[in-house]
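Here's the letter readout for the chains.
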There are 2 protein chains.
Amino acid sequence: MTPKVARFLADTQPATPCLVLDVDRVAENFRRLRDALPLARIYYAVKANPAAPVLERLVGLGSHFDAASFQEVSMCLDAGAEPEAISYGNTIKRERDIAAAYARGVRMFAFDSEMELEKLARSAPGSRVYCRILVGNDGAEWPLSRKFGCEVEMAKDLMVKAGELGLDPFGLSFHVGSQQTRTAAYEAAIAKVAMLFTDLVDAGVKVRMVNLGGGYPVRYKSEVPEIVEIGAAIMGAMVEHFGNSLPEIVIEPGRFLVADAGVVQAEVVLVSRKAANDPVRWVYLDIGRFGGLAETEGEAIKYAFRTPHDGTADGPVTIAGPTCDSTDTLYEKSNYRLPTALTAGDRVELLATGAYVTSYASQKFNGFSPLEEHYI
Amino acid sequence: MTPKVARFLADTQPATPCLVLDVDRVAENFRRLRDALPLARIYYAVKANPAAPVLERLVGLGSHFDAASFQEVSMCLDAGAEPEAISYGNTIKRERDIAAAYARGVRMFAFDSEMELEKLARSAPGSRVYCRILVGNDGAEWPLSRKFGCEVEMAKDLMVKAGELGLDPFGLSFHVGSQQTRTAAYEAAIAKVAMLFTDLVDAGVKVRMVNLGGGYPVRYKSEVPEIVEIGAAIMGAMVEHFGNSLPEIVIEPGRFLVADAGVVQAEVVLVSRKAANDPVRWVYLDIGRFGGLAETEGEAIKYAFRTPHDGTADGPVTIAGPTCDSTDTLYEKSNYRLPTALTAGDRVELLATGAYVTSYASQKFNGFSPLEEHYI
């Protein structure tokens, strides 16, 4: 929690649940990442936190933007981004949304299939397109399965076809999974993409960009590698596989830029036991999986907690949200411990919750409004 | 899909994704349930679909209401419900929300812990309270884990304490899990609650109500038992365990009343393969897990699909949502098949989606607005 956030919480006592996010920390994170990967162009993954104050600060820093939808394209433009600074990075786009983005000046689009390529050729003619390939996600705390990307052989055919359709076969992309904690995942993916890149060059395709995606990890409950270490591993792999003719490099950080800038403050609604002699207490908060903490699904992202009783005796807890849905349980198997003094009405903070929280919040599940947002 | 919904879709061609819900079907379902369990008082679980037209129709039919939050209490009152017809059924309530509901006239509250009982004694003095006990959820497609309820021994102590605190120890409740397909789950739970009920009567506690919860199943992709069969099993178990001195019976249907009244219409955004020879196509819709289809988590609720190409050749598919989140995949392991002719721009319908869809929808994940709702 940054001093500015701590001060805001102490002075304002905002209604809970809420997110308080320090936009200066976003700027710091942007500079740290730029320093760790100076050759890479940063496209902020808007979906991580699309709030206008975040986008505006990043526009001021010269960031580019990775938009998941036409609505996100619009948000970036509204925040002052130039259309040339926006990549429409979702491989799944309605054709009328492609056309709308193109009409607003966007000229860079992702794809991973023939049907998408045909939509792009019709509705965004001449645009730069990049093909996403499937790579391993081992080591990611929020892995990405096979939903996005295609196999290398198909990517090769599609990149050739992109040129035939009048599009600019600009580059290749991959994603090693979000909250990726192993540098080896990047190294393996870069080796894979480099082979395809060389094949394409040999086939006469004017490919010239590699998009390394996002996934750069953030400290939640456990330590993660430093970004300089990840940057060094990435650049080592790029030089190993591309030599001194490096392609343009794009990265799409989301979590890394905004997560540790934000803190969710919540209220303890109830502390109980299921039986008199049960060693585990249940701690129910006024925010849960459907109030924004969607990344606790499967206990994947393990947030760190602060309470007014830290430093006093603690004990094992299950932590759950306030709704009448039992899947709205945050942590049951992750060995969380909280102070035994914790009681209803206490305010607690969930650290590093600036990413993938506000936009996930359900509009009204169980009648609860989405959490309030404060950008300072 | 009811004829009225089919006609609305054909005539209106609404923007997708959207829910179209026939409130006449809700009324029919209410009557069917009342006929199957004539001795039970129906408390509609508002969280299943809190839309005003649904609540208003149910008020007109004499329904009672199970509210999960003070906001849901307000929605019921706004729809014309009497405060006496409302149960605040969440065992996890902020004390100021208890006080607010009490101020509006609500006098029936759930609890499962000592701390909650103390809040109720302070902020809803003299109210009818009922204790939720833990029971098995085997056979439920959306089981409820241990989040709600307490063990029987603790429930006994708490019911005695409720009286000591000046509350009215009105009843006992349980929940066999949502979309419960086995009548044996009700029978086992009733046996358990009846033993506790008798113990409490013997201890001088004036308990007089049993709340059987919800869970009454709906036909999605597979057949489920008929409600008359479930009703008969429940009443058989009640008579077996309570003889001819039956307690007041409360039921809390949500899904059963609204699910098959509603249809979600969606648009196919993309159909693709991960490799040229991959037998499985990926079908991406403009609605997914974060657009309202939250109950597809773990492929728990399996919706049935209608497409414009039904009856033509089909093949295996993975079905996913439109967001840049790979957990936003609906069905990968459930052996869904869809027509090979299916293509981008086609409209498809997801049947029996009137429950647990609209309120789950994220407010803006990936920039997508929540689905539109049409009540006809």
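As the structure is a prediction and not an experimental result, all values here were calculated from the model.

**Looking at the packing of helix α8 (residues 183-202) of chain B against helix α9 (residues 227-242) of chain B**
In a packed pair of helices, the relevant descriptors are the angle between the two axes and the axis-to-axis distance. All names here are of chain B. Running from amino to carboxyl end, α8 crosses α9 at an angle of 25 degrees, the nearest separation of the two axes being 9 Å. By the angle between their directions, the pair α8 and α9 is classed as roughly parallel. In terms of crossing hand, the pair formed by α8 and α9 is right-handed. Contacts between α8 and α9 pair Thr183, Tyr186, Glu187, Ile190, Ala191, Ala194 and Phe197 from the former with Glu229, Ile230, Ala233, Ile234, Ala237, Met238, His241 and Phe242 from the latter. Split into classes, the residues belonging to the contact of α8 with α9 amount to 11 nonpolar, two polar and two charged.

**Considering the domain arrangement of chain A**
All names here are of chain A. By domain assignment, chain A separates into domain 1 (50-253) and domain 2 (260-375). Using C-alpha coordinates to define each centre, domain 1 is positioned 34 Å away from domain 2. Note on domain 1 versus domain 2: buried area summed over both sides is about 1100 Å², and carbon and sulfur give 69% of it. Counting the surface domain 1 buries against domain 2, the share from its top three residues, Trp142, Tyr220 and Lys221, is 62%. Counting across the interface, domain 1 meets domain 2 through zero salt bridges. Inspection of the domain 1/domain 2 interface yields one residue pair in polar contact (both at pLDDT 80 or more). Taken together, the elements giving at least two residues each to the side of domain 1 that touches domain 2 come down to α3 (52-60) and β7 (140-142). Here the side of domain 1 that touches domain 2 is built from residues that sort into seven nonpolar, one polar and three charged.

**A short note on the interface of chain B and chain A**
Each side of the interface is counted separately: chain B has 73 residues, and chain A has 74 residues. In total, chain B and chain A occlude about 5900 Å² of area from one another, counting both sides; carbon and sulfur atoms represent 57% of this. Sorting the residues of chain B by area buried against chain A places Lys147(B), Lys274(B) and Cys324(B) first, and these three jointly supply 12% of that buried surface. In this structure, the salt-bridge partner of Lys147(B) is Asp328(A), at a minimum N-O distance of 3.7 Å. Between chain B and chain A we count 38 residue pairs in polar contact (both at pLDDT 80 or more) in total. Among the elements of the structure, α4 (70-78), α6 (114-123), β12 (262-272) and β13 (281-285) of chain B are those that each provide at least two residues to the side of chain B that touches chain A. The biggest single contributor to the side of chain B that touches chain A is β12(B), with five residues. When its residues are assigned to classes, the side of chain B that touches chain A shows 30 nonpolar, 21 polar and 22 charged.

**Looking at the relation of the copies chain B and chain A**
For the match of chain B to chain A, the screw axis carries a shift of 0.0 Å, the RMSD comes to 0.0 Å, and the turn is 180 degrees. Viewed as a symmetry operation, the transformation between the two copies matches a two-fold axis. Within chain B, Ser362(B) has its C-alpha nearest the rotation axis, a separation of 1.9 Å. Looking at chain B, 100% of its interface residues are interface residues in chain A too, so the copies touch through the same face.

**Describing the pattern of salt bridges**
Oppositely charged side chains may form a pair once their charged atoms are brought near each other. Within this structure, the stated rule accounts for 46 salt bridges over all chains. One salt bridge in this structure joins Asp112(A) and Lys274(B), with 3.7 Å as the shortest N-O distance. With one member in each of two chains, Asp112(A) in the loop between β5 (108-111) and α6 (114-123) and Lys274(B) in the loop between β12 and β13 form a pair that bridges those chains. The burial state of Asp112(A) is the same as that of Lys274(B); both residues are buried. Residue Asp24(B) pairs with Lys4(B) through a salt bridge whose shortest N-O separation is 2.8 Å. Pair noted here: Asp24(B) is in helix α2 (residues 23-36) and Lys4(B) is in helix α1 (residues 3-12), with a separation of 20 residues, a long-range link. One network of salt bridges, with partners in common, ties together Lys4(A), Asp22(A), Asp24(A) and Arg57(A).

**Looking at unusual backbone geometry**
Residues Thr16(A) and Pro17(A) are joined by a peptide bond in cis, for which omega reads -5 degrees. Along the chain, Pro17(A) falls in the loop between α1 (3-12) and β1 (18-21). A positive phi angle is found at Asn335(B), which is not glycine, with a value near 55 degrees. When you line up the elements, Asn335(B) lands in the loop between β16 (329-331) and β17 (337-339). Residue classification places Asn335(B) among the exposed residues on the basis of a relative accessible area of 69%.

So, how was this worked out
Residues numbered from 1 in each chain as written. Chains lettered and ligands numbered in written order. Predicted model: local features only at pLDDT ≥ 70, side-chain atom pairs only at ≥ 80, totals over all residues. Heavy atoms only, no water. Axes fitted to C-alpha atoms, helices over the stretch in contact; angles between N-to-C directions. Helix = DSSP H or I, 4+ residues; strand = E, 2+ residues; numbered from the N terminus. Parallel < 35°, antiparallel > 145°, perpendicular 65-115°, else oblique. Left-handed = near helix turned anticlockwise from the far one by under 90°. Contact = heavy atoms within 4.5 Å. Nonpolar A, V, L, I, M, F, W, Y, C, P; charged D, E, K, R; others polar. Domains from an automatic or database assignment. Buried area = accessible area lost by both parts, 1.4 Å probe. Salt bridge = Lys/Arg side-chain N within 4 Å of Asp/Glu carboxyl O. Polar contact = N/O pair within 3.5 Å; in protein donor to acceptor, adjacent residues only side chain to side chain. Least-squares fit on C-alpha atoms with pLDDT ≥ 70 in both. Buried < 20%, exposed > 50% of the residue type's maximum accessible area, 1.4 Å probe, protein only.

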